[in-house]
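Here is how the chains run, residue by residue.
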Amino acid sequence: MANARDLPARLDEQRRAFAAERFPSLATRRDRLARLATMTRHHRDEIALAIRQDFGHRAEAETRLAEVATVLQAVRHARRHLRRWMRPRRAAMPLRLWPARARVHRQPLGVVGIVAPANYPWNLALLPAVDALAAGNRVMIKPSEQTPTTSELMARLAARYFADDELCVVTGDADTARTFAALPFDHLLFTGSARVGREVARAAAANLTPVTLELGGKTPAIVADDADLEHAARRIAFGKWLNAGQTCIAPDYVLIDEPRLGAFVEALTRTVKRFHPRGTAGDDYTAILGERHRERLDAMLEEARDHGCRVIPLGEPVELREGAKLPPTLVIDPHEGLMLMHEEIFGPWLPILGVRDLEAALAFVQRRPHPLALYAFTDDPARRQRILRETHSGGVVFNDTLWHNAVPALPFGGVGESGMGAYHGEAGFRRFSHERGVFQQARRNAAGLLDPPYRRWLLRLLGL
């Protein structure tokens, strides 16, 4: 465990290392990315075991898919495109300034801080690190104190594969996290709840540290009346109950035309039985992380029952030595004032609301803060365009869920209440770079004609 008082010294060490190498070469950046990939690939079994211990149970396939494969894919993408991203980009020159030239140089910021959450402890710590290292920065990571086994493994492996002044991982409790967020980084990325995100932003503001906030929110899934119900149920079930719903871009509620609500519930029930034939007791279903989170989820469901909502559990809870598995559970037409409908669920409960039509569904979404993702099931191009025009969200997926997050070339980030700033791929490279404008005057130029005393006829000729 790191001593919070040691954190400024660690930051100073990284600052000195950056000052000695302000623009790392392509070869150096590729080497750092390769070491990050090797650290993940060679120790994937240890990573899966550590996450499983922290959760009480985590489906190994989910760890390999959502933690290991995503980091390796991000590294491959960055290494392949890094030469182009680093290349200076020409900027258009106004005719009146010819023959001068202009270009944009992407310059590393310095030291990037990353505060990672517990739900995907490897992925959400190292994906932003891929982008920050590609951009030529030094990196400090504070993983979640809720996943201590994974955090300690990450710290130990980082020390083996990287010098402390390249990339270091600091473990510790919530006080350490607060001290970390208050350090004068050159950029700070935080993934987590909106409540904590506000605290992080306030701490960073004291140092004028620019921040990227990935905050989640209430992600809707709209099932239009032309959608195939079996397909929509299968894809929503995958996105919702991966990691038992503990995903910031999991579908948080479903809006469907009222006459088909019953058929959609039946389709979801069949899908869950196909996905998990042994129910929640099977190895492919993940546990809830932490007793406090379970208590919050139980309170949500109890409130819905108290208000007369129809609650349909699609399995039984399973108690574990550490933690518990909570079953996929449908809540039909919950009232808008319930916790289920104004807090991010972050668990296996799925509210399903019947609406009159697509217009009513869009109005429902528009009345709420902008979500991190929006899912819509329709084959009608006109409806897709309408959804794109009339809603705001971090990302949009048609006829599926989650998979936009697996495309390295797509920027990933929120808008409004769901966050600020985006990363992944080139968007991440740019997020952790300073785009420096460079103007180069030609030896022979007419700029001197604009020196005082000013020639009025020339200003009129130039339209000034």
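K.L.:
Got a minute to help me understand the pairing of strand β6 (residues 187-191) in this structure?
P.N.:
In the case of a regular strand, side chains alternate between the two sheet surfaces. In terms of burial, β6 is largely enclosed, as five of its five residues are buried. Neither face of β6 is open: one carries His187, Leu189 and Thr191, the other Leu188 and Phe190, and all of them are buried. Note: strand β3 (residues 111-115) against β6, four bridges, orientation parallel. Within the sheet, the bridge partner assigned to glycine 113 lies in β6 and is leucine 188. Bridge analysis of β6 against strand β7 (residues 211-214) gives four bridges, and the strand direction is parallel.

K.L.:
I tried to follow the nonpolar core on my own but got confused; where do I start?
P.N.:
Within the largest apolar cluster, 100 residues are counted, with the highest numbers of intra-cluster contacts made by Ile141, Leu167, Val223, Phe264, Leu330 and Ile352. It is helix α4 (residues 60-86) that contributes the most residues to this core, ten residues altogether. Those residues within four positions of valine 223 in sequence are excluded, and the remaining contacts are Leu229, Ala232, Ile236, Val254, Leu255, Ile256, Asp257, Arg260, Phe264 and Phe377. Grouped together as the second largest cluster of nonpolar side chains are 19 residues, Leu11, Val111, Phe185 and Leu215 included.

K.L.:
Would you explain the pattern of salt bridges in this entry?
P.N.:
Opposite charge on two side chains permits them to pair, given that their charged atoms come into close proximity. What the rule picks out here adds up to 33 salt bridges. Taking the shortest distance from any N to any O, the salt bridge between arginine 138 and glutamate 21 comes out at 2.9 Å. Taken as a pair, arginine 138 in strand β4 (residues 138-142) and glutamate 21 in the loop between α1 (7-20) and α2 (26-42) lie far apart in primary sequence, 117 residues in all. By relative accessible area, arginine 138 is classed as buried at 4%. Take glutamate 21: its relative accessible area is 26%, and that puts it in the partly exposed class. Measuring nitrogen to oxygen at the nearest pair gives 2.7 Å for the salt bridge that ties aspartate 225 to arginine 383. Taken together, the residues aspartate 225 in the loop between β8 (220-223) and α9 (229-241) and arginine 383 in helix α14 (residues 381-390) connect sequence positions 158 residues apart. Residue classification places arginine 383 among the partly exposed positions, given a relative accessible area of 21%. Because the salt bridges share partners, they merge into one network encompassing Glu21, Asp31, Arg32, Arg35, Arg138, Asp165 and Glu166.

Quick notes on the rules
Residues numbered from 1 in each chain as written. Predicted model: local features only at pLDDT ≥ 70, side-chain atom pairs only at ≥ 80, totals over all residues. Heavy atoms only, no water. Buried < 20%, exposed > 50% of the residue type's maximum accessible area, 1.4 Å probe, protein only. Helix = DSSP H or I, 4+ residues; strand = E, 2+ residues; numbered from the N terminus. Pairing = 2+ DSSP bridges. Core = buried A, V, L, I, M, F, W, Y, C linked by side-chain atoms within 4.5 Å. Contact = heavy atoms within 4.5 Å. Salt bridge = Lys/Arg side-chain N within 4 Å of Asp/Glu carboxyl O.

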